[in-house]
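# Report on the structure
Each chain is listed here by its residues.
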Amino acid sequence: MAAQSFLSESVLGWSIFSIVLLAILAFCWIYIRKFQSRQESEVVSTITAICALAIALITSALLPVDIFLVSFMKHPNGTYKEWAANNETREQIENTVLHGYYTLYSIILFCVFLWIPFVYFYYEEQDDDNMNKCSQVKNALKYTVGFAIVCVVLLLIGAFVPLEAPPSQNSTQWEKVQYLFEELGSSHGLPALAFSISSLTLIGMLAVITYTAYGMSVMPLNLIKGTRSVMYERLENTEDIDDVEHQIERLKSKCQDGRPLSSRDRHNLQELESKLQVLQRRGRHLEIAERNCCTKVGSALRPIKILLGIVFILVALLFIIALFISNLDKALHSAGISSGFIIFGTNLTNPLNELLLVLQPVFPLDYILITVITMYFVFTSMAGIRNMGIWFFWIRLYKIRPKRTRPQALLFLCMILLLIVLHTSYMIYSLAPQYVMYGSQKYLVQIPSGNTTTDTTRTCDADAPEDQCTMTRTYLFLHKFWFFSTIYYFGNWAFIGAFLIGLVVSCCRGKKSVIEGEVEADDSDISDDEYVH
């Protein structure tokens, strides 16, 4: 009976995970194909982008399974279920999840340090027409070796950083070396992998602060404000064309008598002719947009867009409030910087944490909510990247536009989204720490009452006996090194600040154009062909 119950609940958890897996693969394929350039489409880069994004989302989808399995080991009254009463069975379940994380995180390291860099540099070398395939592969491997070295260094640092107190100074050198190897062997490489993933998550934190925080404000407000009228934009564009043509004719009239134009006038003429080309291309795009059925349907669905925008901004505010309460709780009740601001439980009421604890027993409601939160982070991150582009400090490297994104830009996009999704695990922990650590587990406590004792249930926390509460494997990965937790803590404050700044900027901006991002000064007329057709 116990074995049958264990089997049915395990099958339920992994069945839902399989369904989510298929949905993730379908989403990634549609998502990448939507932004892929039709003229510069490459099979290998497309497959790489789809797989990299899918691996990141699958890793996030494993989080609710981890929480579900530790929570369903116990009854609501705090006692273990029959199939989980044996400690070996519980360890077997935990090891299954741990191996899943090992596999997925190892694939992420492979994607970030080997696969994506190789494919990116391969297509960068393809721009040279005089280079053959063999030379392209050789040069791509040469650049990829640098990323591989960084990966090896991170793994070695993580493997040999001692997490326990080292031997005394009186110990011999051999004892100290033996201690380091015992540290590595006893954890089966967990610190090495955790350090590497934490380093990538640190980069993902910077991407979240830059792109996700801005996207969380700009996407809802764009839905609420809508776009400008196509007819008004066409009229305005026609007037601009007439004005520029008049200025060009006035400059050309200066050389009708055979006199050459001054250098200043020639420079102005070139700028005006370039501006005229952009305006004419803009006019063609506006004409297409006016005839497009999607534009007409979008106008009819305007009330729904406003409603979605209001929902999204409320969700964003809920996240910010939950994050603020969680950070405030850590500031007031943790041991401070030296402990990584870690707290075991919640001392202040966190609305999102309470909601997840209520939904968790009714599986898969919490799974659906976590998936929605992850997808929300992806969509808002994409909105931020699309509005800002991909930048390296003050240099814009690539633009992200539907049907017109280069293969290299897609790889950069997926690299950023992969790092962002990695950081969402810590973001979800910050939003709902109790849920991520123990799920809905409870334990029994005997309280003396006169000559007898009464059993009462308490929510699992740091004060619970070690054999009564099982901690998720996700939490162990997130908090293996205290200094990363400290950086993540301050990163949460930076995220809140970036969101508020982005909200102010988005509110001050007017409505965007109906062809926003479709026409740029550095585009060619050839690039219009793939948009039209």
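Let us look at the structure shown here. (Residues numbered from 1 in each chain as written. Predicted model: local features only at pLDDT ≥ 70, side-chain atom pairs only at ≥ 80, totals over all residues. Heavy atoms only, no water.)

## Points about the layout of surface pockets
Roughly 890 Å³ of volume is contained in the second largest pocket. Around the second largest pocket, the lining comprises 27 residues; the ones closest to its centre are I203, F412, M415, I416 and L419. Elements that contribute at least two residues to the lining of the second largest pocket include exactly helix 3 (87-125), helix 4 (133-160), helix 6 (190-225), strand 1 (390-392) and helix 13 (407-431). Here the element with the most residues in the lining of the second largest pocket is helix 6; it accounts for seven residues. (1 Å grid on protein atoms, 1.4 Å probe; cavity = no way out; pocket = protein on both sides within 12 Å on 5 of 7 lines; lining within 4 Å. Points joined across faces, edges and corners; volume = space filled by probe spheres on them. Helix = DSSP H or I, 4+ residues; strand = E, 2+ residues; numbered from the N terminus.)

## A word on the state of the cysteines
Overall, the coordinates contain zero disulfides when judged by the stated rule. No disulfide involves C51; its nearest neighbouring cysteine sulfur is the one of C111, lying 7.7 Å away. (Disulfide = S-S within 2.5 Å.)

## Things to note about a negative patch on the surface
A cluster of like negative charges, contributed by E239, D240, D242, D243, E245 and E249, occupies part of the molecular surface. Here D240 lies in helix 7 (residues 230-252). (Patch = residues over 30% accessible without salt bridge, like charges linked within 9 Å, V, L, I, M, F, W, Y side chains within 5 Å. Areas by Shrake-Rupley, 256 points an atom, 1.4 Å probe, with all protein chains shown as cover. Salt bridge = Lys/Arg side-chain N within 4 Å of Asp/Glu carboxyl O. Lys, Arg positive; Asp, Glu negative; His and termini not counted. Charge placed at Lys NZ, Arg CZ, Asp CG, Glu CD.)

## Describing the pairing of strand 2 (residues 395-398)
With three bridges joining them, strand 1 and strand 2 adopt antiparallel strand pairing. In the sheet register, W391 faces strand 2, and the bridge partner there is R396. The loop that links strand 1 with its antiparallel partner strand 2 comprises two residues; one of these, F393, has a positive phi angle of about 60°. (Pairing = 2+ DSSP bridges.)

## Structural notes on the nonpolar core
Counting residues in each nonpolar core, the largest one holds 121 residues, and the members touching the most others are L57, I108, I385 and F495. Membership of the second largest hydrophobic core comes to nine residues, among which are I248, L251, L261 and L272. (Core = buried A, V, L, I, M, F, W, Y, C linked by side-chain atoms within 4.5 Å. Buried < 20%, exposed > 50% of the residue type's maximum accessible area, 1.4 Å probe, protein only.)

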